[in-house]
Amino acid sequence: MSTPSIPEAVGSFVKKVRHDHELTLDQIALAGRQEGAGWSASSVANIEKAQASLTLATLIYLALALGKCIGSHLRLSDLLGDADTVQLEPGRGTGMTREWFDFILNGGEVARGRNDFSGVTEFVLSQEPEGSPLVTEEAATAASIAEVRAARRLGVDVATFKDAAIELWGHSLDDESRKRAGAESTPQARGRVTRHLVHEVRAHLRQD
C-alpha cells in the first residue's frame with residue numbers, strides 16, 4: 001500500500017466519519033459554515049477527494065465541524081485517520097511517521113531528520129526542558145514508545161501513567177493493546193485500540 005499524502009489521509013478520514021455516522025456532505029458543510037467556513041457540499045466533497053487546499057484554517061474548521069456533527073471533540077492529528085506514515089505532498093519526499101506529526105502538533109519543534117523514531121526515548125528526552133517533571137530518564141527508559149507518547153499527551157509523568165494502566169488492566173498499555181486488538185492485528189488496528197485505551201486512562205485519572 002502506498003503512503004498517503006496529508007490531503008489523502010484527511011480525505012479518507014472525513015469520508016469514513018461521514019459514512020460511519022450516516023452524515024451528508026451538506027450536513028458537514030453546514031456545520032463548517034456555522035463555525036465560520038465558507039463551505040458548500042462540493043467543498044467537503046473536494047476535501048474527501050484530496051482536491052482541496054488544506055490550510056491550517058481549513059483543518060481547524062474541519063475538526064470543529066466534524067466534532068459538532070459527531071458530538072465528540074477532535075484533535076488535529078485525528079484528521080489523519082489510521083495512517084501510520086504520511087507524505088507532506090502527494091508523491092513527494094519520504095513519509096513522515098504518525099509519531100512525528102503527533103509530536104509537532106502537540107507543540108514540538110519542527111525539524112528535519114527527526115522522523116526516525118527508532119530512538120524515540122532519546123528524542124523525547126532531548127525535547128524536554130531541563131528539569132522537566134514529565135519524563136525522567138529512568139521512567140522513559142523503562143517505558144514503551146506508546147507509554148511515553150501517551151503520558152505526554154495527558155500531561156502526566158510516565159510513572160503515573162504506568163501506575164494507572166496497572167490499576168485499570170493489571171498490566172501495561174502495550175499488553176492491553178495487544179490483548180484487545182488480537183495477535184494478528186494490523187498496526188492500524190493496534191493504533192486505534194491504543195488511542196481508545198489512552199482515553200480510558202484519562203478518565204481513570206480524572207476520577208482519582
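Residues numbered from 1 in each chain as written. Predicted model: local features only at pLDDT ≥ 70, side-chain atom pairs only at ≥ 80, totals over all residues. Heavy atoms only, no water.

### Things to note about the confidence of the model for the protein chain
Scored by pLDDT, the protein chain has a mean of 80; 79% of the residues are at 70 or more. Throughout residues 114-142 the model reports pLDDT below 50, and contacts reaching past four residues in sequence, or to other chains, amount to 41 contacts. (pLDDT = per-residue confidence, 0-100. Contact = heavy atoms within 4.5 Å.)

### Some remarks on helix H9 (residues 158-169)
The end-to-end C-alpha distance of H9, which contains 12 residues, comes to 16 Å, matching closely the 16 Å that a straight helix rising 1.5 Å per residue would cover. Burial in H9 covers these residues: Val158, Phe161, Ala164, Ala165 and Trp169. For H9, the buried positions fall inside an angular range of 125° around the axis, keeping them on one side. Among the residues of H9, the N-terminal cap falls to aspartate 157, whose side-chain oxygen and the backbone nitrogen of alanine 159 are separated by 3.2 Å. (Helix = DSSP H or I, 4+ residues; strand = E, 2+ residues; numbered from the N terminus. Expected span 1.5 Å × (residues − 1). Buried < 20%, exposed > 50% of the residue type's maximum accessible area, 1.4 Å probe, protein only. Arc of directions from axis to C-beta. Polar contact = N/O pair within 3.5 Å; in protein donor to acceptor, adjacent residues only side chain to side chain.)

### Some thoughts on the nonpolar core
Of all hydrophobic cores here, the largest spans 28 residues; its most connected members are Val10, Val14, Trp39, Leu62, Leu66, Leu79 and Phe101. Within the residue set of this core, elements represented by two or more residues are helix H1 (6-20), helix H2 (25-35), helix H3 (41-48), helix H4 (56-70) and helix H5 (98-105). Looking at which element gives the most residues to this core, the answer is H1, with 6 residues. Sequence-distant contacts of valine 14, that is, excluding residues within four places in its chain, are made with Ile28, Val44, Ile47, Glu48, Leu62 and Leu66. (Core = buried A, V, L, I, M, F, W, Y, C linked by side-chain atoms within 4.5 Å.)

### Thoughts on the side chain of glutamate 48
By the secondary structure assignment, glutamate 48 is in helix H3. For glutamate 48, the side chain forms a polar contact with the side chain of arginine 18, separated by 2.5 Å. With residues near it in sequence (within four places) discarded, glutamate 48 still touches Gly11, Ser12, Val14, Lys15, Arg18 and Leu25.

### Details of the packing of H1 against H3
It is the contact of H1 with H3, at a shortest axis distance of 7 Å, that shows an interaxial angle of 120°. Accordingly, the angle class assigned to the pair H1 and H3 is oblique. Contact with H1, carried on its side by Pro7, Val10, Gly11, Ser12, Val14, Lys15 and Arg18, involves Val44, Ile47 and Glu48 of H3 and no other residues of that element. Broken down by class, the residue content of the contact of H1 with H3 amounts to 5 nonpolar, 2 polar and 3 charged. (Axes fitted to C-alpha atoms, helices over the stretch in contact; angles between N-to-C directions. Parallel < 35°, antiparallel > 145°, perpendicular 65-115°, else oblique. Nonpolar A, V, L, I, M, F, W, Y, C, P; charged D, E, K, R; others polar.)

### Quick word on the pattern of salt bridges
Summed over all chains, the structure comprises 9 salt bridges. For the salt bridge of lysine 16 with aspartate 20, the shortest nitrogen-to-oxygen distance reads 2.6 Å. Taken together, the residues span about one helical turn, with lysine 16 and aspartate 20 both in helix H1 at a distance of 4 residues. A salt bridge links arginine 192 to aspartate 82; the shortest N-O distance between them is 2.6 Å. One end of the pair, arginine 192, is in helix H11 (residues 187-207); the other, aspartate 82, is in the loop between H4 and strand S1 (85-86), with 110 residues separating them in the sequence. Ionic contacts of the salt-bridge type, sharing partners, join the residues Asp82, Arg192 and Arg195 into one network. (Salt bridge = Lys/Arg side-chain N within 4 Å of Asp/Glu carboxyl O.)

### Observations concerning unusual backbone geometry
Excluding glycine, residues mostly have negative phi values, and the peptide bonds linking residues are mostly trans. A positive phi angle, close to 55°, is found at glutamate 22, a residue other than glycine. Among the secondary structure elements, glutamate 22 is positioned in the loop between H1 and H2. Given a relative accessible area of 72%, glutamate 22 falls into the exposed group.

### Things to note about the environment of serine 177
As for its position among the elements, serine 177 is in helix H10 (residues 173-181). Dropping the residues within four chain positions of it, serine 177 is found in contact with Arg190, Val193, Thr194 and Leu197.

### Notes on a nonpolar patch on the surface
A contiguous nonpolar patch, built from Leu56, Ile60 and Leu64 and spanning about 270 Å² of accessible area, is present on the exposed surface. One can find leucine 64 in helix H4. Among the residues examined, leucine 64 registers a relative accessible area of 40% and is labelled partly exposed. (Patch = residues over 30% accessible without salt bridge, like charges linked within 9 Å, V, L, I, M, F, W, Y side chains within 5 Å. Areas by Shrake-Rupley, 256 points an atom, 1.4 Å probe, with all protein chains shown as cover.)

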